[in-house]
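Each chain is listed here by its residues.
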Amino acid sequence: MRLAALHRLLALGVLALAPVAGVQAGEVENLRLWAAPDHARLVFDLASPTRAEVFSLDNPRRLVIDLDDSRMRADLAGLDLTGSAISRIRSGVRDGSGLRVVLDLEREVDPRHFALAPNDQYGHRLVVDLEYPGESAVEDPIDPIEAMIREQEIAARRAQAQADLGGAAAVPEPETPLQRAQPHPRRDIIIAIDAGHGGEDPGAIGPAGTREKDVVLQIAKHLQQRVNATEGFRAVMIRDSDYYVGLRQRTRIAREQKADFFVSIHADAFNSPRPNGSSVYALSQRGATSETAQWLAESENEADLIGGVDGNLSLKDKDEVLRGVLLDLTMTATLNDSLAIGGQVLDRMGRVNRLHKSRVEQAGFVVLKSPDIPSLLVETGFISNPEEERRLRDSGHQQRMAQAIFSGLEEHFRTNPPPASLLAWQRDNGRRTAGNEYRIRPGDTLSEIAARHDVPVGRLKQANELNGDVIRVGQVLRIPRS
């Protein structure tokens, strides 16, 4: 009797434990990798949450990722490591029930990791970021001399804002001996182009499976080409391939690159396929007010935005009201510029696509909240609308959309060029480079210039009497007409 009861209890115990033993708490179902200029991101898709430990080893350089009670179900051999710091990835069993993943590294990295809870698209995830010390977040960072010129402009603008308040905290200019006039800087106007979403964030997905992150990157690249092909302008890409950049990091990159304007490109979506058309957004006044308060609460940002690049405009000894007024003036001027440029962009976009709204809308988007850079968010169309989804995939429509965005920006900056810019010099001297000429920029090659202007390389060389492929920054090439 007792033996039979014991057998029944054991049977019940086995039955109760069987499902637990069959579950791998941290089973790795898939691995995804994205490479950016300044980091790589490795994402583990997990069946359920698990504890992870990440540490580095030297000689040779490796990163070890240990997961408790886990098994590898993903295909490591199929993971594309191109452009990342990882030369090889391998895994094995650790302590009987755990999983060890080893990344063989080609360079020094600063690792960090965090877990993400499930959302509409993914389940539990472990994210491992490999950040590259000292690397820029953009492929072609601003030239140091151009950055210095921009910093001087920014400092002068802030000094003027203080003077407009009645001379509060104004700094007298030191007496200096007469010097020979310096040549005009003729700097490029820098346009920061932000393709929304990216990496593990696909954005909205259309009825035919089109991902927002893909089409907006393609439009952003067309816009980059158009900006860089226009004398006096230069594009900075916030992301130039499929990886994710944090919302605050996007505007931070634009500020680090001394951008004159920031445009974020997106594709709208709705739970119905009917809505269509393009929209343009600037920061709302309420969003600007709340952002002012946040910037004032962060001493580092406050010093950077108000204090000036050389420290002579520091307001640390001034009261909070004065600091708030100064920053509010900056934000108001930036917002006014955003609305003015937005109207011109919207007008041009209306010639390419139906407009969802006939005026510039205002909202509190995080990517628009940079107090010292005019910013716009452009919704190129509704990817949830089947007809607009089809157009958004079309390269010709993408190019027309990029041209419309740039035409609005160009019109504004030709009318209101920054003082140290080439466009200001051309306006003040009644000069403008002919449409069949091109001024060489950092990173240009003859083959790229020829392709951009649809001219054979040989013909380009012949027109400019070039014997080889060597060109120099600032050199003006004559573009032969087709």
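Because the structure is a prediction, the values reported are computed rather than measured.

## Remarks on the sheet that holds strand 1 (residues 28-35)
So, point 1. The 4 strands are arranged 1-2-8-7 in an open sheet whose pairing can be described as antiparallel. Of all strands in the sheet, those bounded by a partner on one side alone are strand 1 and strand 7 (110-116). In this sheet, neighbouring strand axes are inclined to one another by 15° on average, regardless of whether the strands run parallel or antiparallel.
So, point 2. Sheet topology note: the strand 2 (residues 39-46)/strand 8 (residues 124-131) ladder contains 8 bridges and is antiparallel. Looking at strand 8, one finds that Phe-44 is bridged to Leu-126.

## Overview of the nonpolar core
So, point 1. Counting 65 residues, the largest nonpolar core has Ile-191, Ile-193, Leu-223, Val-263, Ile-265 and Ile-405 as the members making the most contacts within it.
So, point 2. Ranked by size, the runner-up nonpolar core spans 29 residues in total, among them Ala-40, Phe-44, Leu-46 and Val-128.

## A short note on the confidence of the model for the protein chain
The predicted structure's coordinates, where accompanied by low pLDDT, should not be read in detail.
So, point 1. On average, residues of the protein chain carry a pLDDT of 82, and 79% of them reach 70 or more.
So, point 2. Segment residues 1-24: pLDDT under 50, and 6 contacts once partners within four positions in sequence are set aside and those in other chains are kept.
So, point 3. This stretch, residues 299-315, has a pLDDT under 50; its non-local contacts, to residues over four places away or in other chains, come to 39 contacts.

## Considering empty space enclosed by the protein
So, point 1. Scanning the entire structure with this criterion turns up 2 cavities of 30 Å³ or more.
So, point 2. Approximately 50 Å³ is the volume found for the second largest cavity.
So, point 3. Every residue along the wall of the second largest cavity is listed here: Ala-282, Leu-283, Met-331, Thr-334, Leu-335, Ser-338, Leu-368, Ser-370, Ile-373 and Ser-375.
So, point 4. Among the elements of the structure, strand 12 (279-283) and helix 7 (320-349) are those that each provide at least two residues to the lining of the second largest cavity.
So, point 5. Considering each element in turn, the lining of the second largest cavity owes the most residues, 4 residues, to helix 7.
So, point 6. Class assignment for the residues of the lining of the second largest cavity results in 6 nonpolar, 4 polar and no charged.

## Things to note about helix 4 (residues 247-256)
So, point 1. When helix 4 is considered as a whole, its buried residues turn out to be Arg-250, Thr-251, Ile-253, Ala-254 and Arg-255.
So, point 2. Looking at the residues trailing helix 4, positive phi occurs at Lys-258, about 55°.

## Some words on the packing of helix 8 (residues 386-393) against helix 9 (residues 395-415)
So, point 1. Between helix 8 and helix 9, the least distance of the axes is 5 Å, while the angle of their chain directions is 85°. Taken as axis vectors, helix 8 and helix 9 run roughly perpendicular relative to one another. Here Arg-391, Leu-392 and Arg-393 of helix 8 lie close against helix 9, whose contacting residues are Ser-395, His-397 and Gln-398.
So, point 2. Looking at the contact of helix 8 with helix 9 residue by residue, the classes come out as 1 nonpolar, 3 polar and 2 charged.

## Brief notes about the sheet that holds strand 12
So, point 1. Taken together, the 6 strands give an open sheet; going across it, the order is 10-9-11-14-12-13, and neighbouring strands pair in mixed fashion. Each of the sheet's edge strands pairs with one partner strand only, and the pair in question is strand 10 (233-237) and strand 13 (361-363). In this sheet, neighbouring strand axes are inclined to one another by 30° on average, regardless of whether the strands run parallel or antiparallel.
So, point 2. The pairing of strand 12 with strand 13 spans 3 bridges and is classified as parallel. By the bridge assignment, Ala-282 is partnered in strand 13 with Gln-362.

Cut-offs and rules
Per-chain numbering applies: the sequence of each chain, read as written, is numbered from 1 onward. Per-residue local features are limited, in this predicted model, to residues with pLDDT of at least 70; the limit for side-chain atom pairs, both in listing and counting, is 80 or more; totals at the level of whole chains, interfaces and linings are taken over all residues. Each side-chain value is worked out from all heavy atoms of the structure, with water and hydrogens disregarded. Pairing between two strands is assigned when DSSP locates at least 2 bridges connecting them. For helices the rule is a DSSP run of H or I covering at least 4 residues; for strands it is a run of E covering at least 2, with both sets numbered from the N terminus onward. Axes here mean lines fitted to C-alpha atoms, for a helix over just the part in contact, with angles spanning 0 to 180 degrees between N-to-C directions. Throughout this description, the term nonpolar core refers to a set of buried Ala, Val, Leu, Ile, Met, Phe, Trp, Tyr and Cys residues connected via side-chain atoms within 4.5 Å. Residue burial is assigned from relative accessible area. The probe radius is 1.4 Å, only protein chains are included, and a residue is buried under 20% of its type maximum, exposed over 50%, and partly exposed in between. pLDDT: the predictor's confidence for each residue, scored from 0 to 100. Contact between two residues is taken to exist if any of their heavy atoms lie within 4.5 Å; hydrogens are not considered. Any residue with an atom within 4 Å of a point lines the site, the site being either a cavity, points on a 1 Å grid over the protein atoms alone where a 1.4 Å probe fits but cannot get out, or a pocket, an open set with protein on both sides within 12 Å along at least 5 of 7 lines. Grid points are joined across faces, edges and corners, and a volume is the space filled by probe spheres set on the points. In this classification, Asp, Glu, Lys and Arg are treated as charged, Ala, Val, Leu, Ile, Met, Phe, Trp, Tyr, Cys and Pro as nonpolar, and every other residue, Gly included, as polar. Roughly parallel means an angle under 35 degrees; roughly antiparallel means over 145; roughly perpendicular covers 65 to 115; every other angle is labelled oblique.

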